[in-house]
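# Results of the structural survey
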Amino acid sequence: MVSGGARSGFSILSPVFSVLSRAAFVAAAVLLPSSFAQAASASAGGLDAAVLSELNYVRAHPAEYARELRDAPSWAMEQEEPQAVDEAIDALERQAPLPPLRDDRRLDAAALVHVRTQGPRGDVGHGPTGNLGQRLRDNGVYAGMSAENISYGYDDARQVVRQLIIDSRVNGRGHRRNILSTAYSSVGVSCGPHRQWGEMCVMDFAGALMERGKAE
């Protein structure tokens, strides 16, 4: 099941291959609270940090990431749409390096709310209309721009981000556009167990952050 647009989307897509080691992008783990998340708290916390690192690796090194896609063995891409892979490579080769997304604990908290809501029930999607905006405001985030990517079914950061960069079967390649957008300066990542798909990761992006009308 997939859904996407220019500024949001979720995805349950194909496996992808492992990529090169990126020691410079290793981040500290953030443990997830709540009784449901505690079942996989250590691994989920490490996954949060690893997904953030992978997002920022793609942004900082788009051309290198394109080469990794181009050099991938055929078996690693057998479930991806060839056209989507080619489009991703082309987009990354044309993409100038971008500054890293800052980790924002308020955005982390907004993403975690969605993990805690959906995971135990096995739901998918972004929730009712306006759900993202409400979660952001509930956690003190007032943003001029916001978006959300959600991945289901992967417990490896490289697979999570790679599927969203390729964005097979998603009209508009909205996940890729979110990751490579200059409109977003901060992100919150929360991953946790999902009743149907085993694992889910929510990425909430924001730009032009304000605090009740006062610029940060």
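None of these values were measured; they are calculated from a predicted model.

The rules behind each value
- Residues numbered from 1 in each chain as written.
- Predicted model: local features only at pLDDT ≥ 70, side-chain atom pairs only at ≥ 80, totals over all residues.
- Heavy atoms only, no water.
- Helix = DSSP H or I, 4+ residues; strand = E, 2+ residues; numbered from the N terminus.
- Buried < 20%, exposed > 50% of the residue type's maximum accessible area, 1.4 Å probe, protein only.
- Contact = heavy atoms within 4.5 Å.
- Areas by Shrake-Rupley, 256 points an atom, 1.4 Å probe, with all protein chains shown as cover.
- Polar contact = N/O pair within 3.5 Å; in protein donor to acceptor, adjacent residues only side chain to side chain.
- Salt bridge = Lys/Arg side-chain N within 4 Å of Asp/Glu carboxyl O.

### Concerning the overall build of the protein chain
When you go through the protein chain residue by residue, the secondary structure sums to 8 helices and 7 strands. In the protein chain, which comprises 216 residues, the proportion classed as buried is 52%. In the protein chain, once contacts between residues fewer than 6 apart in sequence are set aside, the share between residues at least 24 apart is 77%. Accessible surface, the protein chain as shown: approximately 9,700 Å² in total, 52% of it carbon and sulfur.

### A closer look at helix α7 (residues 157-166)
In an α-helix there are 3.6 residues to a turn, and that puts residues three or four apart on one side. The element α7 is extensively covered by neighbouring structure, given that 9 of its 10 residues are classed as buried. The complete set of buried residues in α7 reads Ala-157, Gln-159, Val-160, Val-161, Arg-162, Gln-163, Leu-164, Ile-165 and Ile-166. The backbone nitrogen of Arg-158 has a side-chain oxygen 3.0 Å away, supplied by the residue at the start of α7, namely Asp-156. Just past α7, the residue Asp-167 takes up positive phi, approximately 60°.

### Re the pattern of salt bridges
Evaluated as defined, the whole model comprises 11 salt bridges. Note that Arg-173 is salt-bridged to Glu-87, the shortest N-O span being 2.8 Å. Placement of the pair is Arg-173 in the loop between α7 and α8 (174-179) and Glu-87 in helix α4 (residues 82-94), with a sequence separation of 86 residues. Of the residues examined, Arg-173 reaches a relative accessible area of 12% and is grouped as buried.

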